[in-house]
Amino acid sequence: MKTILAAYSGVLKGTGSSILSALQDLPSAIWPCQSKMEKHLQVISVLQWVVSFLAMGVACTVLLVYTFCTDCWLIAAIYTAWLIVDWNTPKQGGRRSSWVRGWTVWTYFRDYFPIRLIKTHDLLPSRNYIFGYHPHGIFCFGAFCNFGTEATGFSKKFPGIKPSLATLAGNFRLPVLRDYLMSGGICPVNKNSIDYLLSRNGTGNAVVIVVGGAAESLHCAPGMNSVTLKNRKGFVRLALQKGSDLVPVYSFGENDAYKQVIFEEGTYWRALQKRLQKILGFAPCLFHGCGLFFGDSWGIVPYGKPITTIVGEPITVPKIEDPTDEMVDLYHSMYVKSLQCLFDKYKTRFGLKENDILYIQ
């Protein structure tokens, strides 16, 4: 009320500076719930992605089967026929949509944590790249926001480079979900798909591989700085075969999004997790975030902790169609050292201590 009276007083006195000063305070005075509304939109934007990733594919599959049993069976038949015709599209570059990647919902998604993308070196559009993303976390929020959307301005920071985030191939067998993922430039993490992007899609391609995969997600927890990399050399061999440069990427805060119950090695539950991982292709983690309505309750909404993704210096890789194990080991060691240096250089800027180290398993 005082702020409104001050503005009115400025009008009477004819002092423009008083009017401007008073009006600058009006939004918070008149609309006190604006920031709350924005926070709600951020929560909804994150929740829709989590629910979509977990349930959209299964729900749409059930719906498709059910539709065959109704009077709308023709619609289901037409969609199924189109699905069969379009089956190999994910392996052939997908069907990305600049419109979907630029949705406003992704800016709310970004601001919830918030998520930032930091560029350390230029990338040449005349080359192809394999980004190694670390760590996996539970849902790879940093990887999706930075490389599956334009919320953090990837295309502006790396002009001429087209990112393709690789995820489980099984997701592209599920109706509707496959199209949702492809629209963001997301592709299956299999040989055919990556071969196409790095060999038959020109230059300026960056395939983003979460190197640690499902195994790494079983070890993620707040404050944990460990990556599964020691025996992961397939992506290095692929880079040599295609002559694609390797780029280490590390996301500080990725492991802080959820709390997880980590079972010790040798226990029944750990063995069950690993067995299901081999069968399903992903690790069934026992995790929780905060509740939808109360921050101190448990739920599937991730904690709003900052995630900062650092894109490191590219490692130039020669093209060798049949690289020897020694050559793979050489470039793998170069990659590990580069990732270690990237972590050590930026760790104190993003909440870690000087004596914190990166554990490589």
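Residues numbered from 1 in each chain as written. Predicted model: local features only at pLDDT ≥ 70, side-chain atom pairs only at ≥ 80, totals over all residues. Heavy atoms only, no water.

As recorded in an unreviewed UniProt entry, the protein goes by the name Acyltransferase, listed as coming from Acanthochromis polyacanthus. Its UniProt record gives the protein the following Sequence similarities (unreviewed entry) comment, quoted word for word: "Belongs to the diacylglycerol acyltransferase family." (UniProt positions renumbered as here; feature names shortened; annotations may be inferred.)

Structurally, the position occupied by Ser 45 is in helix α3 (residues 34-67). Assessed through its relative accessible area of 2%, Ser 45 is described here as buried. Not counting residues within four places of it along the chain, the set of residues in contact with Ser 45 comprises Val 105, Tyr 108 and Phe 109. (Helix = DSSP H or I, 4+ residues; strand = E, 2+ residues; numbered from the N terminus. Buried < 20%, exposed > 50% of the residue type's maximum accessible area, 1.4 Å probe, protein only. Contact = heavy atoms within 4.5 Å.)

So, on to the sheet that holds strand β2 (residues 129-134). Pairing within the open sheet is mixed, and its 7 strands lie in the order β1-β11-β7-β2-β5-β3-β4. At either end of the open sheet lies a strand with only one pairing partner, and these are β1 (115-119) and β4 (187-188). Here 4 bridges tie strand β7 (residues 245-252) to strand β11 (residues 307-311), and the two strands are oriented antiparallel to one another. Counterpart to Tyr 250 in the pairing with β11 is Ile 310. (Pairing = 2+ DSSP bridges.)

Packed helix pairs are specified by the crossing angle of their axes together with the interaxial distance, meaning the distance between the axes. Here helix α12 (residues 234-242) crosses helix α14 (residues 325-346) at 110 degrees, and the two axes come no closer than 9 Å. With respect to their mutual orientation, α12 and α14 come out roughly perpendicular. The segment α12 lies against α14, with Phe 235, Val 236, Arg 237 and Leu 240 engaging Asp 325, Met 327, Val 328, Tyr 331, His 332 and Tyr 335. Taken together, the residues that form the contact of α12 with α14 break down as 7 nonpolar, 1 polar and 2 charged. (Axes fitted to C-alpha atoms, helices over the stretch in contact; angles between N-to-C directions. Parallel < 35°, antiparallel > 145°, perpendicular 65-115°, else oblique. Nonpolar A, V, L, I, M, F, W, Y, C, P; charged D, E, K, R; others polar.)

Before going further, it helps to spend a moment on the pattern of salt bridges. All told, the structure shown has 13 salt bridges when counted by the stated rule. We note a salt bridge from Asp 122 to Lys 119, for which the minimum N-O separation is 2.6 Å. Classification of Asp 122 by relative accessible area gives exposed; the value is 57%. Relative accessible area serves as the criterion here: at 33%, Lys 119 is assigned to the partly exposed category. The residue Asp 195 makes a salt bridge to Lys 191 at a minimum N-O spacing of 2.9 Å. Of this pair, Asp 195 and Lys 191 are both found in helix α10 (residues 191-199), 4 residues apart, which corresponds to roughly one turn of the helix. For Lys 191, a relative accessible area of 58% translates into the label exposed. Connected via shared salt-bridge partners are Asp 86, Arg 95, Arg 178 and Asp 179. (Salt bridge = Lys/Arg side-chain N within 4 Å of Asp/Glu carboxyl O.)

Once that is clear, we can look at the packing of aromatic side chains. For the coordinates displayed, the defined rule picks out 30 aromatic pairs. Summarising the aromatic geometry, the rings of Tyr 133 and Phe 147 are spaced 6.4 Å apart at their centres and angled 85 degrees between planes, so their arrangement reads as edge-to-face. Taken together, the residues Tyr 133 in strand β2 and Phe 147 in helix α7 (residues 141-147) connect sequence positions 14 residues apart. Here the two residues Tyr 133 and Phe 147 agree in accessibility, since each one is buried. On the basis of an interplanar angle of 75 degrees and a centroid distance of 5.2 Å, the ring pair of Tyr 268 and Trp 269 is categorised as edge-to-face. We classify Tyr 268 as exposed; its relative accessible area is 58%. The ring of Phe 158 is capped by Lys 119, whose NZ or CZ atom sits 5.5 Å from the centre of that ring. (Phe/Tyr/Trp six-rings, centres within 6.5 Å; stacked < 30°, edge-to-face > 60°. Lys NZ or Arg CZ within 6 Å of the ring centre and 35° of its normal.)

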